[in-house]
Every structure is written in C-alpha cells, then in structure tokens.
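# Descriptive analysis of the structure
The primary structure of each chain is shown beneath.
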Amino acid sequence: MSTSDLAVVILAAGKGTRLKSNLAKVLHRSGGRPLIEHVIRACQSLKAREIVVVIGHQAAEVTAAIAVSGVRTVLQQPQRGTGHAMLVTRRAIPPSVKFAILLPGDAPLIRTETLAALLRAHKETGAAATILSAELENPAGYGRIVRGDDGSVSAIVEDSALAQDQRGIREINSSIYCFSLDKLWPCLASLRPQNVHKELYLTDAIALLRQKGENVQAVMAADADEVLGCNTRADLAAVDVVFRRRKRAAIMDAGVTIELPETVLIDPEVIVGADTRIEPCVQLLGKTRIGAACTIRTGSVLSDAVLEENVLVKPHSIVVSSHLSRGTQVGPFAHLRDGARLEKNARVGNFVEVKKSVLGEDVKSMHLSYLGDARIGAGTNIGAGTITCNYDGVNKNPTTIGKRVFIGSNSALVAPVRVGDGAYVAAGSTITNNVPPDALGIGRGPQVNKPGWAAARRRAMAAAAKPTKPGSRKKSKSAVSRRKPRKAGRRR
Ligand code: UD1
Ligand code: CA
C-alpha cells in the first residue's frame, strides 16, 4: 500500500494534570521507554510522508527527548484542546497529503499493523473519518461511540457529558483516527468550545461531519489493550504490565525459559539466545544481549550487559555495562560495572566487585575482593579479600597482573603497580613496588612468636580472680582487673 498520501499527527502538547507530575505526560515511562517514543516507533514503520508531533507543555524537554527520531514538531501554545491541536498542524502538512492518522502521544501500546489496518479500512469505505474504537470492561473516563440505527457513528460523547441512557455504552473512542483531510479542515475551523473545559474537542468534529452528511466509520481494535491511554499513575502501571508481558512472550518464543515470568522485567531492546534459562525476579535492562544456553539466576540485575554463550550468573549479581565471555561464571552477590570484561571461563565469586578491569581466561577471584582499573593475565588466581588500591585521592591508577600469578589472600595492591608473570604475592601483603616475574613479593611486618605468653596470662588472671581476705573482695577485684599479666605484659 502506498503511504505517500499519508501524514501522521501525534498529539503530545497536554500537561497530564492527572499524573500530578512536573514531568510532561508523554515523557513518563512505561514498558521501558517514554510514552512518546513507543508511539513514534509504531508510526515510523508506516512510512508516511510526514510525522508531526504537536508539542506545548514542556516543549523543550519533549523536543529534546524525540530529537533522535527526526520527526517534525509543531508548537501548540496555548493548549486549547485536541481539535485545536490538530488545527495547528495544517501548515506542516503538505497539500498533496490526502489522509491523516491522528493519535494521542499517551496511548503507547498501539501497533503499526493496527494503524495500517485502520488506514486500509478508511480507504476501502471512502469515509470522511474512521475511528479506532474498542470495547472495554471499564470504559469510565473515555469518550463513548454513539451509533445510529444503521450502525454508523453519529457522535462521540465525552465521559463527563454522557446522558443517563448512554452510560451503558462500552465501546470507547481510542482517540486514534484516520481522516480525509479535505473533509476535516472545514469542520475543525467551525469547532466551538462548548464544554466544561472550554476546549475545542476533536470529538465534536465527528458530529459536525455527520451533520454535513459525511460517512463516519468506527473499526474495533482486535486487542482492546492496544488503545489503553495513560492518564494516571495506575494507567502507566497497567500499560507497563502489557508491555512487559509482550516482551516476555517474544523472548520465550525465541526459545528462552522464564520461570515465574510475571516476576521478570525485560526492557524492549534486550536480546536473549535460545536455551537460556531465566529464574524468577530477574531484571534485564537497557541494551543487554545474552547469548545461548546461559543461566541467569534469581535476583540478578543486568543492565547494558553483554553475555556470550554458556554464562552462569548466580543469584543476586549486578552486571552493568560489562562483558562476560563464553563459559564465565559470576556471583552469588557479585558486582561488575563500568566496562568490566571477563575472558573465557573466568570466574568471579561472592562479594567481588570488578570495575573497568579485564580478567583474562580462567582467572579466578572467588571471594570478597575489589578489582578496579586492573588487567589480569590468564590463569591468575586472586586470593580472598584482595584489593586493588586504585585511587590515591586524586587519580585512578592501574594495576597490571601477569599470567599464572598467585595473589595471596587479603593483599592490597597499591596502584600504579605491576606483578610479573608467574609471580607470587604473599598473603596479607601491601604491595607498593612492582613484583618481578616469577618472584615472591612479601610486604608485611615479620611475625613474632612469644613462647608461653598465653599460658602465663591465663595464670595471672586466675590468681587475680581469687579473693584474698574476706571483706576486702570489692577493693581487690578492681585493683587486679587493671593489672597486666606478669612476664607477658610488656608491649613492643
Ligand atoms: C481523549 C478523547 C476521548 C478518548 C480519549 C482516549 C477528546 C476531547 N477526548 O480524552 O474521547 O476516549 O482521549 O484516550 O479528544 N492534547 C494536545 N493538546 C491539547 C489537548 C490535548 O496535544 O490542547 C493531547 C494530550 O497531550 C494527549 C492527547 O491530546 O496526548 C489526548 O488528550 P487528553 O487530555 O489525554 O484526552 P482525554 O481526556 O484522554
Ligand atoms: Ca488521554
């Protein structure tokens, strides 16, 4: 179907009073994106001649948010209603364009196929206006479709203006329409603000078209969810539920197992490979890409993460802007961030934080460590509690550890520092100088053993606890409790 005769108009100038927010309504997020972005994406696939977004409230913010999409904006100032909003787009629509699809920026679940079907139906019947309608269980708040005896549309009546005998109508106006523009413009010009809000209602143009004897049709959306609007916080949440369900269904279709799917949150751009298993209460955010046959265990949050195949993320791990190569394992309770990279089969365990560091093949850091600004060669073992002291209070400094190195537990590597291939660092060391390849680096005070010290102390304490004379107990106790044990009491 040719769409060069089509323009799309998205209404996004309203304030969204019912959200009680400082943020413009269409910038509120649902399903992982601002509302307006969902709507623009659905419209872009229509390949219309022009997409025009009507902005007004927080125009600068909305313009900035949609700049990347390359759509055209038209300012509506002040906002005098949906009919007025359409009217201000007239200059922006080339005269050769015959049809316009008009839709609100706050109904983000709409799909391209539904808009294409609306346009098709409109062209087939030759109507002046075709309304996308839907039957809702709870139509409160929406304008209702009033049909004449022949089934054609005679008017749209706003919720607040419903007559008693119209209250039972469950077919609602989605605010998504297709118009033949040569019929619409004259009607918009004669709209009057005859309502409580003193606005020019686009819906009144329908009655005007009918008065002129024009044909107005309504086609019912196959899926009522698609037309849900977001006027309140509760609406945003309800729409989010639908988006998330759609995304999970697509991911499962691609061969992914999701346990308790309703507890799993997946952003729209996330990709997951077949035979990957996702446990309950996982969040996959941003542009996360997960390969085949991975396991993401419960409570983990992955944001802009890249996982190759066969990666295991154990419970409650956080992976942000990081890369996990084939066969790597992280967690439980691991935190990888800011460009951490694990090469093939590397492993990071409990309470290990990795920032801007590369861990080579088969590197292990299993417990309680901080590795920041480090490069660690293949086959190296990082002992429990190792810390790279990368920050000197002013700058971040690098730590370079070679291949097959053994870093003993509880070592502090004061950067900038290098540990050569095959070297050892003794447990408990504070390493401030480079360790050459194959050397042992020890950086700690030598141990001193004092033979018999503990036994002597116990004897001294036992003696002090014995009452000397009846009646003098109180005094003597306080005197000895402060006394040092004999022999062993001298401090170095
Ligand atoms: C509108 C319809 C109602 C329909 C419902 C579906 C009218 C009068 N009513 O009501 O029949 O059932 O949508 O969701 O059209 N906007 C502007 N400029 C304005 C006013 C509004 O751009 O001057 C934009 C808003 O930002 C919003 C859209 O138009 O994106 C719809 O406006 P809103 O106030 O949400 O209309 P509803 O009360 O929901
Ligand atoms: Ca609305």
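Residues numbered from 1 in each chain as written. Chains lettered and ligands numbered in written order. Predicted model: local features only at pLDDT ≥ 70, side-chain atom pairs only at ≥ 80, totals over all residues. Heavy atoms only, no water.

### Quick notes on the coordination of the calcium ion (ligand 2)
The textbook angles at a metal center are 109.5 degrees for a tetrahedron of four donors and 90 or 180 degrees for an octahedron of six. Looking at the calcium ion (ligand 2), the protein donor atoms are Asp106 (OD) and Asn231 (OD1), and they sit 2.5 to 2.6 Å from it. You can see aspartate 106 sitting in the loop between strand 6 (99-104) and helix 4 (112-125) and its partner asparagine 231 sitting in the loop between strand 11 (216-220) and helix 7 (233-253), a full 125 residues away along the chain. Each of the two residues, aspartate 106 as well as asparagine 231, counts as buried. (Donors = N, O, S within 2.8 Å, 3.2 Å for Na, K, Ca; no water. Helix = DSSP H or I, 4+ residues; strand = E, 2+ residues; numbered from the N terminus. Buried < 20%, exposed > 50% of the residue type's maximum accessible area, 1.4 Å probe, protein only.)

### A closer look at the domain arrangement of the protein
What the domain assignment lists for the protein is domain 1 (6-227) and domain 2 (256-441). Here the C-alpha centre of domain 2 lies 50 Å away from the C-alpha centre of domain 1. (Domains from an automatic or database assignment.)

### Digging into the pairing of strand 9 (residues 153-157)
In terms of burial, strand 9 is largely enclosed, as four of its five residues are buried. Here strand 8 (residues 144-147) pairs with strand 9 via four bridges, running antiparallel. Along strand 9, the bridge assignment pairs arginine 144 with valine 157. Between the end of strand 8 and the start of strand 9, which pair antiparallel, lie five residues, with glycine 151 showing a positive phi angle near 90 degrees. (Pairing = 2+ DSSP bridges.)

### Observations concerning the sheet that holds strand 32 (residues 374-376)
Consider a sheet: its strands pair through backbone hydrogen bonds, and that pairing is either parallel or antiparallel. As summarised here, the arrangement of the nine strands in space is 14-17-20-23-26-29-32-35-38, forming an open sheet in which the pairing is parallel. If you trace the sheet from one side to the other, it starts and ends with strand 14 (271-272) and strand 38 (417-419), each paired once. Examined bridge by bridge, strand 17 (residues 289-290) and strand 20 (residues 306-307) share two bridges and lie parallel to one another. Across the sheet, the residue bridging to arginine 289 is valine 306, located in strand 20.

### Brief notes about the site of ligand 1
The local shell around ligand 1 holds 24 residues, among which Gly14, Gln76, Gly81, Glu158 and Asn173 are the closest. Asparagine 173 has a polar backbone atom sitting 2.6 Å from an oxygen atom of ligand 1. Contacts to ligand 1 include asparagine 231, whose side-chain N or O atom sits 3.5 Å from an oxygen atom. In the complex, 90% of the free accessible area of ligand 1, which totals 750 Å², lies under the protein chains. Of the pockets mapped on this structure, ligand 1 occupies the largest pocket. Put simply, the parts of the chain that give the shell around ligand 1 at least two residues each are strand 1 (6-12), helix 3 (82-87) and strand 10 (171-180). In terms of residues, the shell around ligand 1 owes the most to one element, strand 10, which gives three residues. When its residues are assigned to classes, the shell around ligand 1 shows seven nonpolar, twelve polar and five charged. (Near = heavy atom within 4 Å. Polar contact = N/O pair within 3.5 Å; in protein donor to acceptor, adjacent residues only side chain to side chain. Areas by Shrake-Rupley, 256 points an atom, 1.4 Å probe, with all protein chains shown as cover. 1 Å grid on protein atoms, 1.4 Å probe; cavity = no way out; pocket = protein on both sides within 12 Å on 5 of 7 lines; lining within 4 Å. Sits in = over half its atoms within 2 Å of the grid points. Nonpolar A, V, L, I, M, F, W, Y, C, P; charged D, E, K, R; others polar.)

### Overview of the pattern of salt bridges
Applying the stated criterion across every chain yields a total of 23 salt bridges. With a closest N to O distance of 3.3 Å, lysine 123 and aspartate 5 form a salt bridge. Of this pair, lysine 123 sits in helix 4 while aspartate 5 sits in the segment before strand 1, placing them 118 residues apart in sequence. Residue classification places lysine 123 among the partly exposed positions, given a relative accessible area of 28%. For aspartate 5, a relative accessible area of 16% corresponds to the buried category. Between aspartate 338 and arginine 337 there is a salt bridge; the shortest N-O distance is 3.5 Å. Its relative accessible area of 39% is what places aspartate 338 among the partly exposed residues. (Salt bridge = Lys/Arg side-chain N within 4 Å of Asp/Glu carboxyl O.)

### Considering the sheet that holds strand 24 (residues 329-330)
Here we have eleven strands laid out as an open sheet, ordered 12-15-18-21-24-27-30-33-36-39-41, and parallel in their pairing. What marks the edges here is a single partner per strand, and that holds for strand 12 (257-258) and strand 41 (440-441).

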